[in-house]
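Observations on the three-dimensional arrangement
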Amino acid sequence: MIRKATTADIDTILNITKACANHMIMHNILQWNTNYPKRESFENDVTRQELYILELENIVIGCIVISTLMDDEYIPIKWLTPNANNSYIHRLAIHPEHQGQGYAQKLMDYAEDTIRTHKIASVRLDTFSQNTRNQKFYERRGYQKLGNIYFPKQSEHPFYCYELIF
């Protein structure tokens, strides 16, 4: 089941993202750390009603943010569509114990279907340049890689921006 998250879900979500960060670090992917993602980000997501969780037998195993707000870091990217009618995916996470079972696909299907119903022109997101698994995941879904951005508090390596046009 996928539903909007509440503030009561944030501790569980932070446990999931911490487990994901540790899992990535074990595989030399230094994408998430103590600087990101933070509680404040998830609190803001809940306030804006943009944070969704995936439950399996009443246990939260993943999350995704579906936003209409464009981060300033995205401004220099030459997007395929005008900056007017777009959605942004952030903080997609599935607990490592449940990865590789199609749950990230399920959250992305939900996000893309939700966005389509609102007549949004495209979906935009970024993923870490050192995380080839994520890059392949998005490219198989039809996302086009468009440019690089940097989050210095997370890594010296770039993050790749992607867009999917509907």
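Here, every reference points to the structure presented above.
Description of the structure in this document. Please read these numbers as outputs of a predicted model, since none were measured by experiment. (Residues numbered from 1 in each chain as written. Predicted model: local features only at pLDDT ≥ 70, side-chain atom pairs only at ≥ 80, totals over all residues. Heavy atoms only, no water.)

So, the overall build of the protein chain
Along the backbone of the protein chain there are four helices and seven strands. What you see in the protein chain, going N to C, is helices and strands ordered as β-α-α-β-β-β-α-β-α-β-β. What you see for the protein chain is a C-alpha radius of gyration of 15 Å, in line with the 15 Å of a compact globule of 166 residues. Dimensions of the protein chain along its principal axes, counting C-alpha atoms only, are 40 × 35 × 30 Å. Taken over 166 residues, the protein chain has a buried fraction of 49%. Contacts in the protein chain between residues at least 24 apart in sequence constitute 68% of all its contacts with a sequence separation of at least 6. In the structure as shown, the protein chain presents an accessible area of about 8900 Å², 49% of it carried by carbon and sulfur atoms. (Helix = DSSP H or I, 4+ residues; strand = E, 2+ residues; numbered from the N terminus. Rg over C-alpha atoms; globule rule 2.2 N^0.38 Å. Buried < 20%, exposed > 50% of the residue type's maximum accessible area, 1.4 Å probe, protein only. Contact = heavy atoms within 4.5 Å. Areas by Shrake-Rupley, 256 points an atom, 1.4 Å probe, with all protein chains shown as cover.)

Let's talk about the nonpolar core
Note that soluble globular proteins tend to have their nonpolar side chains buried in a common cluster. The biggest cluster of nonpolar side chains holds 28 residues, and the ones touching the most others in it are I13, W32, F42, L51, C63 and I149. Mapped onto this core, the elements with two or more residues apiece are α1 (10–26), α2 (39–47), β2 (51–56), β3 (59–67), β4 (86–94) and β7 (159–165). Ignoring sequence-local partners within four residues, the contact set of W32 consists of T17, C20, A21, M24, I25, P37, R91, L92, A93 and Q154. (Core = buried A, V, L, I, M, F, W, Y, C linked by side-chain atoms within 4.5 Å.)

A closer look at α1
Relative to the 24 Å expected for 17 residues at 1.5 Å per residue, α1 spans 24 Å between its end C-alpha atoms, a close match to the ideal helical length. Regarding α1, the residues found buried are I10, I13, L14, I16, T17, C20, A21 and M24. Buried residues of α1, seen end-on, are gathered within an arc of 160 degrees and therefore sit on one face of the element. Turned more than 90 degrees away from the buried face of α1 sit N15, K18 and M26, all of them exposed. At its buried positions, α1 is contacted by α2, β2, β3 and β4. (Expected span 1.5 Å × (residues − 1). Arc of directions from axis to C-beta.)

Concerning the environment of F151
Structurally, F151 is set in the loop between β6 (144–149) and β7. By relative accessible area, which is 16% here, F151 ends up buried. Note: C-alpha distance between F151 and H90 (61 residues apart in sequence) is 14 Å. The contact partners of F151, leaving out residues within four places of it in the chain, are E73, D126 and F159.

Here we look at the packing of α1 against α2
In the contact formed by α1 and α2, the axes pass within 10 Å of each other and the chain directions differ by 130 degrees. Viewed along their axes, α1 and α2 adopt a mutual orientation that is oblique. Seen from above, α1 lies across α2 with right-handed handedness. Contacts from I10, D11, I13, L14 and T17 of α1 reach α2 at R39, F42, E43 and V46. Looking at side-chain class alone, the contact of α1 with α2 contains five nonpolar, one polar and three charged residues. (Axes fitted to C-alpha atoms, helices over the stretch in contact; angles between N-to-C directions. Parallel < 35°, antiparallel > 145°, perpendicular 65-115°, else oblique. Left-handed = near helix turned anticlockwise from the far one by under 90°. Nonpolar A, V, L, I, M, F, W, Y, C, P; charged D, E, K, R; others polar.)

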